[in-house]
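Survey of secondary and tertiary structure
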Amino acid sequence: AAAGGAARGSRVAAEVRQSIQRLTLRELEARGFAIGRELRAPALVTLMGDLGAGKTTLVQAICRGLGVTEPVTSPTFALIHEYVAPAARVVHCDLYRLETEQDVASLGLDDAFADPTAIVLIEWPERAGSLLPEPTLRVMLVHVPGNEVARECSEVWST
């Protein structure tokens, strides 16, 4: 058991899967739903990208894939919204309005990170600096120049 625990805690031994896809909004929603079906608690998903790149759209689709039935809205002003899924507590954070690591630390996310039943979805994770643990999934969304309907979606999964 000790060897298994050591392997799980080791970032060097972590398996990494990477992909980059060019997706329409509908395809992004389908991809988010699939991600939600694949995620298992505990998990941290970070979503980076410019304003309007589709981060909240992706979070909404992930939540649907997790089985969240209530409306999922952007927590830009509330900062954190929580939802109940059949197999997880879903914590959705939008750090856009925060300016310092201290601001992020005051949110009390440590409780969510320590909860083995939580799936934490964080938009604008770069605002947290070094406060976040290693994510299960890193998503980067980028507008495709000259194509208003497509996004480039890169995913890096760590296990």
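Provided above is the structure to which this section pertains.
Rules of the game
The written sequence of each chain sets the order in which its residues are numbered from 1. Totals for whole chains, interfaces and linings use all residues, but because this is a predicted model, local features are given only for residues with pLDDT of at least 70 and pairs of side-chain atoms are given and counted only at 80 or more. The side-chain quantities take in all heavy atoms of the structure and omit both hydrogens and water. Secondary structure elements follow DSSP: runs of H or I of four or more residues count as helices, runs of E of two or more count as strands, with numbering from the N terminus. Only C-alpha atoms enter the radius of gyration, while the globule expectation follows 2.2 Å times N to the 0.38, with N the number of residues. Contacts were defined at the residue level, with two residues in contact if any of their heavy atoms lie within 4.5 Å. Each accessible area is a Shrake-Rupley estimate made with a 1.4 Å probe; only the visible protein chains count as cover when residues are assessed. Counting rule for charge: Lys and Arg are taken as positive, Asp and Glu as negative, and neither His nor the chain ends is counted. Charged groups are reduced to one reference atom each: NZ for lysine, CZ for arginine, CG for aspartic acid, CD for glutamic acid. Each polar contact in these results corresponds to two N or O atoms within 3.5 Å; when the atoms are within protein, one needs to be able to donate a hydrogen and the other to accept it, and residues that are neighboring in sequence are counted only if both atoms are side-chain atoms. Like-charged residues within 9 Å of one another, or nonpolar side chains (Val, Leu, Ile, Met, Phe, Trp, Tyr) within 5 Å, are grouped into patches, provided each residue has over 30% relative accessible area and no salt bridge. Whenever a carboxyl oxygen of Asp or Glu lies within 4 Å of a side-chain nitrogen of Lys or Arg, that contact is scored as a salt bridge. Residue exposure (1.4 Å probe, protein chains only): buried if accessible area is under 20% of the type maximum, exposed if over 50%, otherwise partly exposed. To estimate how far a helix should extend, the number of its residues minus one is multiplied by 1.5 Å.

Remarks on the overall build of the protein
Counting its regular elements, the protein contains 5 helices and 7 strands. Sequence-ordered secondary structure for the protein, helices as α and strands as β, is α-β-α-β-α-β-β-α-α-β-β-β. Its C-alpha radius of gyration of 15 Å places the protein within 12% of the 15 Å reference for a compact globule of 159 residues. Seen through its principal axes, the protein has C-alpha atoms that stretch 50 × 30 × 30 Å. Taking contacts inside the protein between residues at least 6 apart in sequence as the whole, the part at least 24 apart equals 64%. For the protein, the exposed surface amounts to about 8,600 Å²; the carbon and sulfur share of it is 53%. Of the charged side chains in the protein, 15 are positive and 20 negative; the average position of the first set lies 6 Å away from that of the second.

Observations regarding the side chain of glutamate 155
As for its placement among the helices and strands, glutamate 155 is situated in strand S7 (residues 147-158). At a separation of 2.9 Å, a polar atom in the side chain of glutamate 155 contacts the side chain of tryptophan 157. Once you skip the residues sitting within four places of it in the chain, glutamate 155 turns out to touch Arg17, Gln18, Ser19, Gln21, Arg31, Ile35, Leu137, Arg138 and Val139.

Topic: a nonpolar patch on the surface
Side chains of Met48, Met140 and Val142 sit close together on the surface and give an oily, nonpolar patch of about 200 Å² of accessible area. With respect to the element layout, methionine 140 can be found in strand S6 (residues 137-144). Judged by its relative accessible area of 31%, methionine 140 falls in the partly exposed class.

Topic: helix H3 (residues 55-66)
For H3, spanning 12 residues, the distance from its first C-alpha to its last is 16 Å, which sits close to the expected 16 Å at 1.5 Å a residue. Buried residues dominate H3, accounting for 9 of its 12 residues. Among all positions of H3, only Lys55, Thr56, Leu58, Val59, Ala61, Ile62, Cys63, Gly65 and Leu66 are buried. Following H3 by one or two positions, glycine 67 has its phi on the positive side, about 100°.

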